[in-house]
Amino acid sequence: MRNYCSPLSSFSYASSPVITSSLLFSLLSARHGDERRGGSRRARARAIMRSGLSGGGSGKGKRELEFTEQDFLASLMPKKEIGADRFLEKNPEFDGRGVLVAIFDSGVDPAAAGLQETPDGKPKILDVIDCTGSGDVDTSKVVKADDDGCIVGASGAKLALNPSWNNPSQEWRVGCKLVYELFTETLISRLKKERKKKWDEVNQEAISEALKQLNEFDKNNAKDEDLKSKKTREDLQNRLDLLRKQADNYDDKGPVIDIVTWNDGNVWRVAVDTQNLEDCSEKGKLADFTPMTNYRIERKYSMFSKLDACSFVTNVYDEGNVVSVVTDCSAHATHVAGITAAYHPDEPLLNGVAPGAQLISCKIGDSRLGSMETGTGLTRALIAAVEHKCDLINMSYGESTLLPDYGRVIDLANEVVNKHRLIFISSAGNAGPALTTVGAPGGTSSSIIGVGAYVSPAMAAGAHSVVEPPPEGLEYTWSSRGPTADGDVGVSISAPGGAVAPVPTWTLQSRKLMNGTSMASPCACGGVALLVSAMKADGIEVSPYSVRKAIENSALFIGDAPEDTLTTGRGLLQVDSAYEYIQQAKCLSPVSYGITINQVGKTIPTFRGIYIRESSVCLQSCEWTVQVEPKFHEGASNLDLLVPFEEKIQLHSSDKSVVQVPEYLLLTNNGRTFNVVVDPTGITEGLHYYEVYGTDSKASWRGPVFRVPVTVIKPVKPLGQPPVFSLSNLSFYPGHIERRFIDVPRGASWVEVTMRASGFDTPRRFYIDTLQLCPLKRPVKWESVVTFPSPSLKCFTFSVQPGLTLELAIAQFWSSGMGSHESTSVDFEVVFHGISTDRGGLVLDGSESPAQIVATSFLGSEKLAPNAFLDKIRIPYRPVDSKLGPLLGSRDRLPSGKQIIALTLTYKVKLDEGASIKPSIPLLNNRIYDNKFESQFYMIADQNKRVYSSGDVYPEYVSLPKGEYTLYLYIRHEDIQLLEKLKQLVLFIEKKLDNKDKIQLSFFSQPDGPVTGDGTFRSSVLVPGVPEAFYVGPPSKDKLPKNASAGSVLVGSVTYGTVTLNSKNGSQNNQKSPASYDLSFVVPPSKVDEDKQKGGSTCKKSPTERLAEEVRDTKINFISNLKRETEEEKSIWHKITSALKEEYPKYTPMLAKILDNLVSASANQDKGSHLKEIIETADEVIESIDKEELAKYLSLKSDPDDDEAQELKKKMEGKRDHLVEALYQKGLALEELESLKGDTPVETSDKFEENYKEISKWADIKSSKYSMLLIIRERRSGRLGTALKVLNDKIQEEAEPAKKKLYELKLALLDEMGWRHVASYERQWMQVRFPSSLPLF
C-alpha cells in the first residue's frame, strides 16, 4: 500500500546478540550437541558485526574509540556489513557492470547525484517510465499552425513554434496538464508558500491603491450625498473589499503547462510550455524548449523551472495520442536507486552497493493517490522489466494481505521469475515487532526474495549519530517478522536498513538519511547485482533459483535462537561467501523446490510451512503431508534436465523430540511426498521454531536444498474471573523486545490493559503490538506508541477475537534511554472482558419489528449498556453504460503476447445537497496483491468534466457540493470473459450523515416497545453464564435521511459493554467498549402519497373546453421539439409559430414558450437577427399582459381558504413570472446586441435602461436569478467593483456545476479593472473548473 520507509522517529533495533551461522542448519544442529562449533562461528560473526567501529564495545554499548572520517562516511552507505567491500577489493571489475536493475518504486530522478553514469562511462539510467498513467496527457487533438507560425494550445494559450523544428506532416498534437498533478505534496507545499508570498506582494499593492482611491474620493466628496456619489463610493469600497477577500480565499491550484508533440519523420518529439511557472514572461516559452523524445532513445530530461527544481522526462504512446510526463511521486525511489547503484567518483565511500550496475525506473506509485501503488503500475512495470531484459527487480513497496502467495500480480511475478529468469527482491515490511507481519509481495510470495532490515553498531554511530551505539548488530524493531499466515518463513535474508543516499533535486538537497526495509531491499539487491556481474563475467549461468540458494545458504545468521529466523530470515547477506557458494555450485542445473503442505485428512487449505498457533492444536500430535516438487525454468530440456534429474535427499529435523521425519527421500522431476509428525505436547509455553530440511546426500556442502519451516506457538491461559494475564518486573533496555502469547478466552471481546513503567531517569518510549490470525482475513492488529516522561501508569483498551491466540509484543525503542545506564522496569496486566450475543452483525430488515438480542457474559459480571447508532447510508447503483475493449500499445501487452483489456463502467450519481461520499465496490476493494483482477481505478467528475476525486482499491471520502456527477470505474484484465461478468457490477455510494442526522437507536425490554414506547431498556448487570434478552428498535421513519431510496442501507455500529479503568488517582473512566459490531438497516419503500390517491379538485369546465385546452397545450409543447439548425427548419418553425399566434392571439404561456425556444436555440451565423427576434418575441410576451391589472391584483391579499381565489392567484403569479422573464431576456439581448455593434447607440442604450427600470418594478433585481442585468448596468456605468461583487454573489448562490459564462465574465471584469494578478489566478482556476476533457485512466 505504501513504500516501506520507516519514519526516523520510530526505528529501533532488536537486542538479541549476533551469533553464527551462515548455514541455519548448523545452528539447529548446535542445539543438539554442536555448541562448540556454533561458538566458534559466533565469535567470527561478532567480530564482523563490530568491524564498523574503530574500537569494540562494552557494557551497554558504550563506544570506547571514536570513528575516523572514513568510518563515518562508510557508515552512511553500509556495504561492509554484507561483505560487499571485501568482495570488491578482490574483484573490482565485478562492480555490477553488465547488470540491469529495474527499480519498481515512486520514480527515480535522473538528475539526482550519483545517477548519471557508471564507472566504465555508460549511462546509469536506461529508461524512466511512469507505469501508473498518472502523468499521461491526452494529445489526440490535432492543430495546424497559422501564418505567424503559432498554434493554439489545449489550454487556449497562443503558442509560438520554433521554426527549426522538423514536422513533415505539419500536424501538431496538443494537450495540457495542471502541473501540481505531477508534483509531490511536499513540493506543492513549498511552491504554494513561495507563490503566495509573491502574489500577496502584488495584491497588497492593489489594496493600497484601492484604499488610496477611496480616501481621495472621501476627501473630495465630503459634502456630496447624491445617489451617483453614493454608488461611486460603494464601488470603490467594493473594490477594496474584493481584494481583501481574494487574499483570504486564495487557493493555489497551480499553473497549467501546455504539451505539444509531433513526429519529426523519425521519432515523436515533445515540447513543453512552462511560462506560467516562471516569474518572467520571456522564460519557459514553448519555442525555447529543447524537444525531447522517449527517454530510452536519447536519455534526455528537462526541468520545469528553477523555482520547483523538478526534473521530468517524456514518453509518447499510441501514435502520439498520449504523452506521458514522468516525474517522481516521492523521494523514495531515488534514495532506493542510490543505495543499489549510485556512483560518486569523488566520494567512493558513498557509492551504492553496485556502482557499475545500470537501472531502469518503473514508477508504480501513482501521483493521483499520493504514491500508492496500483495494479496497473505493477503490471506495466513487470512488462517493462521483461522487455528491457532486466536481470533484477527491486521493489520497496507492499502491504498486508488477505491471502499469501495469491493474486494476479503474484501470478505475473511468478512468470517473470520462473520463465524470464529475473531475480525479484522486495522489502519484507515495517509492521514489526509482532510475528506474521510480513507484507505482500516481498514477505509472502515464494518467488520473491523478502528482505528484513538490519542495523549495525557502525550505522547507529554514524548514520544515526547516537551517543552510544549498541554493542551488537541486530534487526530493527519495526522490521516485519514471519511466519506468513500459511507458515512460510516470510523473511528470506536481512540487509542494512538505513542509508544516506541521493534524493531528487526538488528536495533542494543532494542526499538524506532514510531507514526502513525499503532501504534493506535495495542494499540486498545491490549485493546480488555484484554476484550477477561476477557470474556473467565468469560465464556462470544466471538463475534466480541458484542465486537465491547461494545467498540464503551463505548468509550470516543473526540472533540467539532458531526462533530468530522469523525475524532475520537466513541471516545477513554475505556477498563474498555467496559468490564462493556460486562458484562451487556452478555445474549444477538451476532448480527450485516447491513446497506444498496439507494436514493429513484435509485437501484444503494448502500451506508452505507448518504453523501451529492455537492452544487446542497443542494438545496432541498432528501429521502433515509435504509435497516437494522440483521446478526448472520454462523451456528446460526434457531429456537433458528433467528426465535425468534424481537426488538422494537426506531429511533432517532440527529437534526430533518434537518434529519427526523419514530419514531419506528419492526425489525425481515429478516430485515426492513425505509425512511430518509434530508433537507439541511436551514443549513449554511460548514461541518455538523448528525446521525440516533436506540435504543432498552426495553433496552436503550445498546445505539445505529445501526447508519446511515449523512454527509452534503454545499460548498461556489467563486465570481468574475475569481472566487476567500479568507480567511483573520485566527489565527493558533500548531495543529490547518481550513476546507473550495468550489464549484469548471464549466469550472475550475486549481487553483492558494497564502498563506501569518505573526505575528510570530519562523518558522512555515503547512500541506495543498485539496480533491475532483469523481465517481468510488480514491479521487483526492493534498497536500503540507510548511515551513515559517519568515513572507512571498507562491504560489501553482494544477489541479481541475470542478463542484465538493473541500475541503481545512489547518493545522499548532503540533510541529511547540511549545514554542512560538504567533499565526500565515494566509491569503489565491484561484483563479480559466480554459480552457475547446470539448475533454477530445486526441487520434490521426495514419493518417496524424490533430485533431480539440475547446477551451473556461468560468471564465475569459485566455492565450491559447497549449503544447503537446509524451514521452512514449506502446507496446501490448499477452502471448506465459499459465499454469493453483492448488497450493499445506495448506497455499493455503482457510478456505472453496477450493484450490487456479494459472495462469502463459509467454510473450516474445525483446529490440533492452537499455531502461527503465514498464509492464502495465490495468485490474489488481493499485488495491489491491478493486480487485476481489486475487493477481498478475510478474518477468522480461533474458535468464540466472537473474531477473531484479518484482512487483505486482504497476509496476515500470526498466532499461534493450539490449537483449531478458521473463516476467512471476502470477495470483491467487479460480475460474478456471475466470482464464480461462485471458489466453490471453493483457499486455503492456511501454517504456520511451530518451529526444532526445521525440516528441513535433505542432499546426495549418488550417486543412492542418501538410502537407503544413502553419498556425502555438502558442498562443491566450480567451475571456470569446467565443470558439476558432485550430488543433494539428500528429508526423512526421521520428520522430517515431525506431522499433515502428503497433498497438503500443505513449502516453504523452497536456496542454492548462499558470499559472501566482505574486511573492513578483512583477515579474511574466509563466509556463504550472497543468491541463494536456492524449494524445495518434496510430502507423500506416510501409511504404512499395520500393526496395523489384522493385525486385533484373537481374541474368546473365542460369536456369541450377541457379538450380545446388539451389540444392547445399539446400544440404549444410541440414547439419545444422543433429544431432551428437549418434554414428549412427555421422556416418551418416560423410558419408553425405564426399560425399558433394567429390561432391563440396574445396567449401569454404560448408566447413565453416561443421565447424560451428562441433563447435556448443556437444563433448559428446571423446572431444579430437572432437577438432582434428574441427582443421582438419578448415584447410580444410583455404586450400580452395587462400590467395595470396585474399590479392591482398583486397589491391585494387572496383568501387562502377560497379555491377559486387560490387558482386565480396561481394564474396571476404565472403571468408575473412570464413578464419578468421576458423583460430579463430582453435586457440580455439588448446588451448582447450592443456588444455586436461595437459602440453603444444611444437608442439601444436608452432601451436597456428603460427595460431595466421596468423589470425592477416586478422583481428583486439583486436576486441571483435576475442579477445579471444589475451586473451589466453597473459595468455600463463604470462601477466595475460593484459589478464584480454582484457577480461573485451570483456565482456563490448558483447551484453546481459552475457556469462557464459567469467565470468568463468575471475574467473580463478583472481585465477591465487592471487586476492582472487576480485575473491570472482566475485563469488558472478555469483549467480546474472547466477542463477540455476528462483525464486519462
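A. Highlighting the overall build of the chain. When its secondary structure is counted, the chain shows 30 helices and 64 strands. For a compact globule of 1337 residues, the expected C-alpha radius of gyration is about 34 Å, and the chain comes in at 38 Å, within 12% of that figure. For the chain, the spread of C-alpha atoms along the principal axes amounts to about 115 × 90 × 70 Å. Buried residues in the chain amount to 56% of all 1337 residues.

B. Fine view of the nonpolar core. Ile82, Phe183, Phe304, Leu392, Ile423, Ile425 and Ile551 are the most contacted members of the largest nonpolar core, which has 111 residues in total. Among residues more than four places away in sequence, those in contact with Phe183 are Ile188, Leu191, Phe304, Asp308 and Cys310. Judged by nonpolar contacts, the second largest core, of 76 residues, contains Val256, Trp1133, Ile1154 and Trp1315.

C. Layout of the packing of aromatic side chains. Under the criterion given, the structure shown has 33 aromatic pairs. Residues Trp199 and Tyr1321 carry aromatic rings whose centres are separated by 6.1 Å and whose planes lie at 50° to one another, so their mutual orientation is tilted. Taken together, the residues Trp199 in helix H5 (residues 185-220) and Tyr1321 in helix H30 (residues 1316-1329) connect sequence positions 1122 residues apart. The exposure class assigned to Trp199 is buried, which follows from its relative accessible area of 8%. Judged by centre distance (5.4 Å) and plane angle (75°), the ring pair of Tyr1224 and Tyr1266 falls under edge-to-face. Here Tyr1224, found in helix H25 (residues 1203-1237), pairs with Tyr1266, found in the loop between helix H26 (1242-1258) and helix H27 (1267-1276); they are 42 residues apart in sequence, far enough to count as distant. Each member of the pair, Tyr1224 together with Tyr1266, is buried.

D. Representation of the environment of Pro895. For Pro895, the position within the fold is in the loop between strand S49 (881-886) and strand S50 (901-911). Between the C-alpha atoms of Pro895 and Ala384, which are 511 residues apart in sequence, the distance is 9.0 Å.

E. Main features of the pattern of salt bridges. Counted according to the given criterion, the structure contains 65 salt bridges. Between Glu634 and Lys419 there is a salt bridge whose closest N-O contact spans 3.8 Å. One end of the pair, Glu634, is in the loop between strand S29 (622-631) and helix H16 (638-642); the other, Lys419, is in the loop between helix H10 (408-418) and strand S21 (423-427), with 215 residues separating them in the sequence. Between Arg1273 and Glu1249 there is a salt bridge whose closest N-O contact spans 2.6 Å.

F. View of the sheet that holds strand S12 (residues 268-273). The four strands lie next to each other as S7-S10-S11-S12, forming an open sheet whose pairing is antiparallel. Each having just a single partner strand, strand S7 (141-143) and S12 make up the two edges of the open sheet. Taking the axes of each pair of neighbouring strands and ignoring which way they run, one obtains an average angle of 35° across the sheet. Across three bridges, S7 lies against strand S10 (residues 172-178) in antiparallel orientation. If you follow Val143 over to S10, its bridge partner there is Trp172.

G. Focus on the pairing of strand S42 (residues 805-812). Burial runs high along S42: eight of the eight residues are buried. On S42, burial covers both faces: Thr805, Glu807, Ala809 and Ala811 on one face and Leu806, Leu808, Ile810 and Gln812 on the other are all buried. Bridge count for strand S39 (residues 764-772) against S42 is six bridges, and the pairing is antiparallel. What sits directly across from Thr770, in S42, is Leu808.

H. Just the sheet that holds strand S41 (residues 792-799), in detail. One open sheet accounts for four strands, arranged S36-S43-S38-S41; its pairing is antiparallel. Because the sheet does not close on itself, it has two edges, and the strands there are strand S36 (724-732) and S41. Across the sheet, the mean angle separating the axes of adjacent strands is 15° when strand polarity is ignored. Taken together, the eight bridges between strand S38 (residues 750-758) and S41 define a ladder with antiparallel strand orientation. Looking at S41, one finds that Val753 is bridged to Phe796.

I. Local environment of the confidence of the model for the chain. Predicted confidence across the chain gives a mean pLDDT of 89, with 93% of residues reaching 70 or more. Within the model, the stretch residues 7-63 combines pLDDT values under 50 with 164 contacts to residues more than four positions away or in other chains. Contacts for the low-pLDDT stretch residues 1063-1069, under 50 throughout, to residues beyond four places or in other chains number eight contacts.

J. Local environment of the side chain of Arg613. Assignment of secondary structure puts Arg613 in the loop between strand S28 (610-612) and S29. We note that Arg613 is buried and unpaired, the nearest opposite charge coming from Glu614 at a distance of 4.4 Å. A distance of 3.0 Å separates the side chain of Arg613 from the backbone oxygen of Leu771, its partner in a polar contact. Discounting residues that sit within four places of it in the chain, Arg613 has contacts with Thr436, Ile713, Pro715, Leu771, Gln772, Leu773, Thr805 and Glu807.

K. Up close: the packing of H27 against helix H28 (residues 1280-1293). Direction vectors running N to C along H27 and H28 enclose 160°, while the axes themselves pass 7 Å from each other. In terms of orientation, H27 lies roughly antiparallel with respect to H28. For H27 against H28, the interelement crossing comes out left-handed. Taking contact as the criterion, the partners of Ser1267, Met1268, Leu1270, Ile1271, Glu1274 and Arg1275 in H27 are, on H28, Leu1280, Thr1282, Ala1283, Val1286, Leu1287 and Lys1290. Partitioned by chemical class, the residues of the contact of H27 with H28 number seven nonpolar, two polar and three charged.

L. Inspection of helix H21 (residues 1127-1143) at higher detail. The end-to-end C-alpha distance of H21 is 24 Å, a good match for the 24 Å that 17 residues give at a rise of 1.5 Å each. Considered for burial, the residues of H21 that qualify are Lys1130, Trp1133, Thr1137 and Leu1140. Taken down its axis, H21 places every buried residue within 95° of arc, on the same side. For H21, exposure combined with an orientation more than 90 degrees from the buried face picks out Glu1127, Glu1128, Lys1135 and Glu1142.

M. Representation of the packing of helix H8 (residues 332-341) against helix H12 (residues 517-538) in the model. Between H8 and H12, the shortest axis-to-axis distance is 7 Å and the interhelical angle comes to 35°. Two packed elements cross with a definite hand, and for H8 against H12 that hand is right-handed. Residues His332, His335, Val336, Ile339 and Thr340 of H8 touch H12, and the partners they reach there are Ser518, Met519, Pro522, Cys523, Cys525 and Gly526. Residue composition of the contact of H8 with H12, by class: six nonpolar, five polar and no charged.

N. Structural view of the state of the cysteines. A full pass over the atoms with the stated rule returns zero disulfides. Cys618 carries a free sulfur, and the closest cysteine sulfur to it, the one in Cys622, is 8.4 Å from it. Classification of Cys618 by relative accessible area gives buried; the value is 3%. Classification of Cys622 as buried rests on a relative accessible area of 7%.

O. Layout of the pairing of strand S32 (residues 664-668). Side-chain alternation along S32 places Leu665 and Leu667 on a buried face and Tyr664, Leu666 and Thr668 on a face that remains uncovered. With five bridges joining them, strand S30 (residues 646-653) and S32 adopt antiparallel strand pairing. Counted as the bridge partner of Glu647 is Leu667 from S32.

P. Here's a closer look at unusual backbone geometry. Here the amide bond leading from Ile604 into Pro605 is cis, since omega sits at -5°, within 30 degrees of zero. Its place among the elements puts Pro605 in the loop between strand S27 (592-599) and S28. Here the bond from Gln721 into Pro722 is cis, since omega is 0°, no more than 30 degrees from zero. On the secondary structure map, Pro722 appears in the loop between strand S35 (704-714) and S36. The backbone of Glu319 sits at a positive phi, close to 55°, despite the residue not being glycine. You can see Glu319 is positioned in the loop between strand S14 (311-317) and strand S15 (322-326). Note on Glu319: relative accessible area 60%, which makes it exposed. If you check the backbone angles, Leu508 has positive phi at about 65° while not being a glycine. Following the sequence through the fold, Leu508 ends up in the loop between strand S25 (498-502) and strand S26 (511-515).

The rules we used
Starting afresh in each chain, residues are numbered from 1 along the sequence in its written order. Predicted model: local features are reported for residues with pLDDT of at least 70 only, side-chain atom pairs are reported and counted for 80 or more only, and whole-chain, interface and lining totals are derived from all residues. As a convention, hydrogens and water are excluded, and side-chain values are obtained from all of the structure's heavy atoms. A run of H or I in DSSP becomes a helix once it reaches four residues, and a run of E becomes a strand once it reaches two; helices and strands are each numbered from the N terminus. It is over C-alpha atoms that the radius of gyration is taken, and the globule rule equals 2.2 Å times the number of residues to the power 0.38. Each residue gets one of three labels from its accessible area relative to the maximum for its type: buried under 20%, exposed over 50%, partly exposed in between, using a 1.4 Å probe on protein chains only. We define the nonpolar core as a collection of buried residues of types Ala, Val, Leu, Ile, Met, Phe, Trp, Tyr and Cys that are connected through side-chain atoms lying within 4.5 Å of one another. For this analysis, residues touch if any pair of their heavy atoms sits within 4.5 Å. Note on aromatic contacts: the rings of Phe and Tyr and the six-membered ring of Trp form a pair at centre separations within 6.5 Å, being stacked when their planes are under 30 degrees apart, edge-to-face when over 60 apart, and tilted otherwise. For this document, the term salt bridge refers to a Lys or Arg side-chain nitrogen within 4 Å of an Asp or Glu carboxyl oxygen. Between any two strands, at least two bridges found by DSSP are needed for them to pair. For helices, the fitted axis covers only the stretch in contact; all axes are lines through C-alpha atoms, and the angles between them, taken along N-to-C directions, range from 0 to 180 degrees. Per-residue confidence from the predictor is reported as pLDDT, which spans 0 to 100. The charge count includes Lys and Arg as positive and Asp and Glu as negative, but it does not include His or the ends of the chains. In the analysis that follows, any N or O atom pair within 3.5 Å is treated as a polar contact, provided that within protein one partner can donate a hydrogen and the other can accept it, and provided that, for residues neighboring in sequence, both atoms belong to side chains. Comment on the angle field: the value is read as roughly parallel under 35 degrees, roughly antiparallel over 145, roughly perpendicular from 65 to 115, and oblique elsewhere. Take the far helix as your reference; a near helix turned counterclockwise from it by less than a right angle gives a left-handed crossing, and one turned clockwise gives a right-handed crossing. The nonpolar class holds Ala, Val, Leu, Ile, Met, Phe, Trp, Tyr, Cys and Pro. Asp, Glu, Lys and Arg form the charged class, and all remaining residues, Gly among them, are polar. Under the convention used throughout, the expected extent of a helix is 1.5 Å for every residue step, that is, one less than its residue count. The arc in question is traced by the directions running from the helix axis to the C-beta atoms. We call a pair of cysteine sulfur atoms a disulfide when they lie within 2.5 Å.

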